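# Breakdown of the fold
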Amino acid sequence: MTELPSVLPGPGLPGRVRIYEVGARDGLQNEKSIIDVDTKVEFINQLIATGLPIVEATSFVHPKWVPQLADAAEVIKRLPLDGPVPLPVLVPNERGLDRALAAGCGHIAVFASATETFANKNLNSTYADQFDTFAPVVARALAAGVDARGYLSMCFGDPWEGQVPISNVVAAGVRLLDMGVTELSLGDTIGTGTPGHVQALVAGFEAAGVSADRLAMHFHDTYGQALANTYAALQSGITTFDASAGGLGGCPYAKSATGNLATEDLVWMLNGVGIEHGVDLNALVKTSVWMADKLGRTSPSAVVRALAADV
Ligand code: HMG
Ligand code: MG
């Protein structure tokens, strides 16, 4: 059989994108079963071997808040931190940064909320205080030569507050960028965004002087909109997309957050529109089938299910 999908480039799209893999963190943080250290290390090493350019590894958050990632230090100790693929970790405060630095991490990510309620639920903080918490974290990381990414959650809607005005999202994002984060990932935490909203948000940032190359998109696929939103973001000039192998994921502190955009679904579409990404799709599907087996269920990714028998 000839190779599928057929490659027909879409108009006005970038030639290459960077896939920021979050399955080992955003995925596993939300699984009911706790995966052991050996399996996590094997999972991350397999993800690296598929050609993914960056693989988020774990979180140095409070172990009582996210018990699934309480073994962060043990996992990090066994990963190739000096290899060519960055392995970022989430940190919620200076205590988390201390732990990440002690473990030898070279890449961290802080995570703020565009809304008051989610700052409270996710960080036990107020909206205003979260910036005071993160400013010294980012400053100390950068001073130590550690790269710092900024996540912003609830950019397209909040399960408690409803619609979130674009101006609020831009204001919160600019505060993170002003701290010095090298990239801002805009989270559709509960997956309620739609394509016009994505393009309006990118335009809102551009009007505030933030170009698309400083932004990443982080779509959850709760309402099946993640790929449509990705295409809209590509048209707006976004070239970094967060995705999780096999569509693992969610957020334990956000009502109705389900899995991220599946990396395989993203890769299939990028292949079809002729955008380079460097990832071996078959190897990735094999990894996700293996991981789904460890979790005792099938992957929610349509592409993994379609290809599972062939890899
Ligand atoms: P808190 O209970 O308010 O913490 O939690 P605290 O500052 O009051 O400290 C209480 C105790 O916890 C102290 O110990 C601290 O040392 C300890 P004691 O003095 O009582 O012995 N502590 C820690 N221990 C280990 N590691 C730490 C740490 N910090 C304090 N880092 C906190 C506040 C922020 C820590 C907590 O709320 C937390 O860990 N939250 C994380 C929640 C989380 O991980 N959510 C998921 C990630 S975000 C996400 O998924 C969204 C994203 O994917 C984008 C999107 O989809 O939108 C990124
Ligand atoms: Mg997420």
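Structure shown above.
In this report, the structure presented in the accompanying data block is examined.

Secondary structure summary: the protein chain contains 12 helices and nine strands in total. Computed over C-alpha atoms, the radius of gyration of the protein chain comes to 18 Å, within 12% of the 19 Å expected from 2.2 N^0.38 for 311 residues, which places it in the range of a compact globule. In terms of its C-alpha atoms, the protein chain occupies a principal-axis envelope of roughly 55 × 45 × 35 Å. Burial analysis of the protein chain (311 residues in total) assigns 55% to the buried set.

Turning our attention to the site of ligand 1. Among the 26 residues in the neighbourhood of ligand 1, the closest are listed as Asn-93, Arg-99, Asn-124, Ser-153 and Thr-189. With respect to ligand 1, the backbone of His-62 contributes an N or O atom lying 2.9 Å from an oxygen atom. Taking His-220, its side chain carries an N or O atom lying 3.0 Å from an oxygen atom of ligand 1. Secondary structure elements with two or more residues in the shell around ligand 1: helix H1 (23–27), helix H4 (94–102), helix H5 (116–123) and strand S6 (147–153). The element that contributes the greatest number of residues to the shell around ligand 1 is H4, accounting for three residues. Residue composition of the shell around ligand 1, by class: 11 nonpolar, 11 polar and four charged.

Our next topic: the pairing of strand S5 (residues 107–113). In terms of burial, S5 is largely enclosed, as six of its seven residues are buried. Across two bridges, the pairing between strand S4 (residues 89–90) and S5 is parallel. Across the sheet, Val-89 pairs through a bridge with Ile-108, a residue of S5. For the handedness criterion, the β-α-β arrangement of S4, H4 and S5 is classed as right-handed. One ladder, built from seven bridges, connects S5 with S6; its direction is parallel. Its bridge partner lying in S6, Ala-112 is registered against Leu-152.

On to the environment of Leu-201. Mapped onto the elements, Leu-201 comes out in helix H8 (residues 195–207). Residue classification places Leu-201 among the buried positions, given a relative accessible area of 0%. Separated by 31 residues in sequence, Leu-201 and Val-170 have C-alpha atoms that sit 7.8 Å apart. Once residues lying within four places of it in the same chain are set aside, the contact partners of Leu-201 are Cys-155, Phe-156, Ile-166, Val-169, Val-170 and Leu-186.

Our focus in this paragraph is the pattern of salt bridges. Following the criterion strictly, the structure yields 11 salt bridges and no others. The partner of Glu-183 in a salt bridge is Arg-18, with the nearest N and O atoms 2.7 Å apart. Note that Glu-183 is positioned in strand S7 (residues 183–188) and Arg-18 in strand S1 (residues 18–21), a separation of 165 residues in sequence. With a relative accessible area of 11%, Glu-183 lands in the buried category. Asp-71 serves as the salt-bridge partner of Lys-40, at 2.8 Å between the closest nitrogen and oxygen. Taken together, the residues span a long stretch of sequence, with Lys-40 in helix H2 (residues 37–49) and Asp-71 in the loop between strand S3 (58–59) and helix H3 (72–77) at a distance of 31 residues.

Cut-offs and rules
Residues numbered from 1 in each chain as written. Chains lettered and ligands numbered in written order. Predicted model: local features only at pLDDT ≥ 70, side-chain atom pairs only at ≥ 80, totals over all residues. Heavy atoms only, no water. Helix = DSSP H or I, 4+ residues; strand = E, 2+ residues; numbered from the N terminus. Rg over C-alpha atoms; globule rule 2.2 N^0.38 Å. Buried < 20%, exposed > 50% of the residue type's maximum accessible area, 1.4 Å probe, protein only. Near = heavy atom within 4 Å. Polar contact = N/O pair within 3.5 Å; in protein donor to acceptor, adjacent residues only side chain to side chain. Nonpolar A, V, L, I, M, F, W, Y, C, P; charged D, E, K, R; others polar. Pairing = 2+ DSSP bridges. Right-handed = clockwise from strand over helix to strand, strands pointing away. Contact = heavy atoms within 4.5 Å. Salt bridge = Lys/Arg side-chain N within 4 Å of Asp/Glu carboxyl O.

Everything listed here is a matter of geometry and, on its own, says nothing about what the molecule does.
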